[in-house]
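Below, each chain spelled out in residue letters.
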Amino acid sequence: MNRYRIAIIPGDGIGTEVVPEGLKVLEAAAGRFGFQIEPVAFPWGCEHYLQRGVMMPDDALETLRGFDAILLGAIGDPRVPDHVSLWGLLLRIRKAFDLYANVRPIRLLEGITSPLAGRRPEEVDILFVRENTEGEYSGIGGRVSVGTPDELAVQTTVFTHRATDRILRYAFDLARRRRRKLAHVTKSNAMQYTAVMWDEVAERVARDYPDVQVWKLHVDAAAYQMVLHPDRFDVMVGSNLFADILTDLGAALQGSLGLAASANLDPSRTSPSMFEPVHGSAPDIAGMGIANPMATIWTTSLLLEHLGKVEASRAVFDALCTVVRRGEVRTPDLGGGSNTEQVGDAVAAVILGRRGPAGCG
Ligand code: NAD
Ligand code: IPM
Ligand code: MN
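Residues numbered from 1 in each chain as written. Chains lettered and ligands numbered in written order. Predicted model: local features only at pLDDT ≥ 70, side-chain atom pairs only at ≥ 80, totals over all residues. Heavy atoms only, no water.

*Asks:* I'd like a description of the environment of Ser239, backed by residues and values.
*Replies:* Within the secondary structure, Ser239 sits in the loop between strand S10 (235–238) and helix H9 (240–254). When the C-alpha positions of Ser239 and Glu136 are compared, they lie 7.7 Å apart, and in sequence the two are 103 residues distant. With residues up to four places along the chain from it excluded, the contact list for Ser239 reads Arg130, Glu131, Glu136, Phe159 and Trp198. (Helix = DSSP H or I, 4+ residues; strand = E, 2+ residues; numbered from the N terminus. Contact = heavy atoms within 4.5 Å.)

Now the structure itself:
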């Protein structure tokens, strides 16, 4: 196939600013490698909610099913409660499409000064695999006696053997293609049911991967180790909430949330996978034109890889690395004075060979 239909959901805040740059880069890559991108934009999000009372139309999931992939910016607006906006769109899509593997590369790119003193790019290269469909995000719970002193709220964490087994296997498989080290994040000292089952499944799955070195660590210790010894990690895997938190920590190790990419994958390819930066809608800088689109651009490289466009994917990543390394075009989060559009233009120019050869060094 040489023509790919991509659903584009810019969403809210800086989502609407970074997605056009991601698309610009996707189109540059398609032009250079001789395939076509057919983007179809959907104006879903908080503005849609404020006007119509829903984050996306009733038939949104059906509509999205027909696409080869989804590119999403960010969801969230101070005028709408976050749990309403996120459960009405992003979390709904992840769950409905069973996008169970949320893959988040944490790499320090050459040219970025890590907030960790003295760390070099080769010392920060982690691939985080986040369970993306259940755990702390199962959405089961309730509240009673709301607004009274007797109020009670319950949010149930659900771990199934099926989802635990498949995410661990996914992570082990990735470790096999990398440095053969897998750290799995648990909290079985305190969570005697869910996390203990997680550990038992991890132990069983590990027997099928005798060539992969396993490191079991509690989530608190994982946070500590990621800061002091990021070089000890290769692939990391964790439950939904633990990995959510640790991947923002990972973004910090990379130098900015503006650099953190993510892919919500359905490895069975039954549904379209969804690609989005790790960051949110950043209301504090929305509308200023200074959001860093690099996370979204990196995300498009993951999208192309998923479509099997390996060369194009590599070219996008190389071009991104080149722009980062040269350091001339950077948004303020990375200490620069450029705007969002200039970053997209610079990466697209490298892809199209207009700004010298690309490379990740
Ligand atoms: P956030 O990621 O939006 O912002 C955190 C900080 O990082 C802010 O100071 C912001 O300016 C900065 N930042 C984030 N992305 C940046 C970029 N590309 N370039 C430069 N700076 C960047 O997190 P938050 O403030 O906790 O959340 C804001 C809203 O986004 C909330 O409504 C939240 O629920 C939502 N959210 C959505 C997603 C998503 O849609 N995937 C992810 C996280 C948060
Ligand atoms: C992320 C985000 C989402 C999550 C929020 C916005 C629901 O923080 O993708 O990391 O927690 O999954
Ligand atoms: Mn998050």
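*Asks:* How would you sum up the pairing of strand S5 (residues 125–131)? Please name residues and give values.
*Replies:* Taking burial as the measure, the seven residues of S5 include seven buried ones, the bulk of the element. Alignment of strand S4 (residues 101–107) against S5, held across seven bridges, turns out to be antiparallel. The residue of S5 that forms the bridge with Arg107 is Asp125. With four bridges joining them, S5 and S10 adopt parallel strand pairing. Residue pairing for S10: Val129 is matched across the bridge by Val237. (Buried < 20%, exposed > 50% of the residue type's maximum accessible area, 1.4 Å probe, protein only. Pairing = 2+ DSSP bridges.)

*Asks:* Lay out the nonpolar core in plain terms, naming residues and giving numbers.
*Replies:* By size, the foremost hydrophobic cluster in this structure holds 85 residues, and its most contacted members are Ile6 and Met236. Each of domain 1 (1–100 + 267–361) and domain 2 (113–253) contributes no fewer than three residues to this core. Excluding anything up to four places from it in sequence, Met236 contacts Ile126, Leu127, Phe128, Val129, Ala183, Val185, Ala222 and Met226. Among the nonpolar cores identified, the runner-up in size contains 24 residues, and Met55, Leu61, Val80 and Leu91 belong to it. (Core = buried A, V, L, I, M, F, W, Y, C linked by side-chain atoms within 4.5 Å. Domains from an automatic or database assignment.)

*Asks:* An account of the packing of helix H1 (residues 15–33) against helix H12 (residues 340–351) is needed here, citing residue identities and associated values.
*Replies:* At a minimum axis separation of 9 Å, H1 and H12 run at an interaxial angle of 10°. Put simply, H1 runs roughly parallel to H12. Touching Glu17, Val18, Glu21, Lys24, Val25, Ala28, Ala29 and Arg32 of H1 are Thr340, Glu341, Gly344, Asp345, Val347, Ala348 and Ile351, all from H12. Here the contact of H1 with H12 is composed, by residue class, of seven nonpolar, two polar and six charged. (Axes fitted to C-alpha atoms, helices over the stretch in contact; angles between N-to-C directions. Parallel < 35°, antiparallel > 145°, perpendicular 65-115°, else oblique. Nonpolar A, V, L, I, M, F, W, Y, C, P; charged D, E, K, R; others polar.)

*Asks:* Outline the domain arrangement of the protein chain, supporting the account with residue identities and numerical values.
*Replies:* Much of the literature gives interface size as the accessible area that the parts lose upon coming together. The assigned domain composition of the protein chain is domain 1 (1–100 + 267–361) and domain 2 (113–253). The distance between the C-alpha centroids of domain 1 and domain 2 comes to 25 Å. Facing the nine residues of domain 1 at the interface are 12 residues of domain 2. Summed over both partners, the interface of domain 1 with domain 2 buries about 960 Å², with 53% contributed by carbon and sulfur atoms. When residues of domain 1 are sorted by the area they lose upon contact with domain 2, Arg94, Lys95 and Tyr100 head the list and together hold 55% of the total. The interface formed by domain 1 and domain 2 includes one salt bridge. Arg166 is paired through a salt bridge with Asp98; the nearest N and O atoms lie 2.8 Å apart. Applying the counting criterion to the domain 1 and domain 2 interface returns four residue pairs in polar contact (both at pLDDT 80 or more). Per element, the largest residue contribution to the side of domain 1 that touches domain 2 is three residues, and it comes from helix H5 (residues 90–96). (Buried area = accessible area lost by both parts, 1.4 Å probe. Salt bridge = Lys/Arg side-chain N within 4 Å of Asp/Glu carboxyl O. Polar contact = N/O pair within 3.5 Å; in protein donor to acceptor, adjacent residues only side chain to side chain.)

*Asks:* Outline the packing of H1 against helix H10 (residues 294–306), supporting the account with residue identities and numerical values.
*Replies:* It is at 8 Å that the axes of H1 and H10 come closest, and there the two elements cross at 45°. Considered as vectors, H1 and H10 are oriented oblique to each other. Viewed along their axes, H1 and H10 form a crossing whose handedness is right-handed. For the pair H1 and H10, contact is made by Val18, Val19, Glu21, Gly22, Val25, Leu26 and Ala29 and by Thr296, Ile297, Thr300, Leu303 and Leu304, respectively. Here the contact of H1 with H10 is composed, by residue class, of eight nonpolar, three polar and one charged. (Left-handed = near helix turned anticlockwise from the far one by under 90°.)

*Asks:* Tell me about the site of ligand 1, and please be specific about residues and values.
*Replies:* Taken together, 21 residues surround ligand 1, and among them Ile75, Asp82, Gly280, Ala282 and Asp284 come closest. For ligand 1, an oxygen atom lies 2.7 Å from a polar atom in the backbone of Gly280. Taking 800 Å² as the accessible area of ligand 1 by itself, protein coverage stands at 70%. Residues of the shell around ligand 1, tallied by class, amount to 11 nonpolar, six polar and four charged. (Near = heavy atom within 4 Å. Areas by Shrake-Rupley, 256 points an atom, 1.4 Å probe, with all protein chains shown as cover.)

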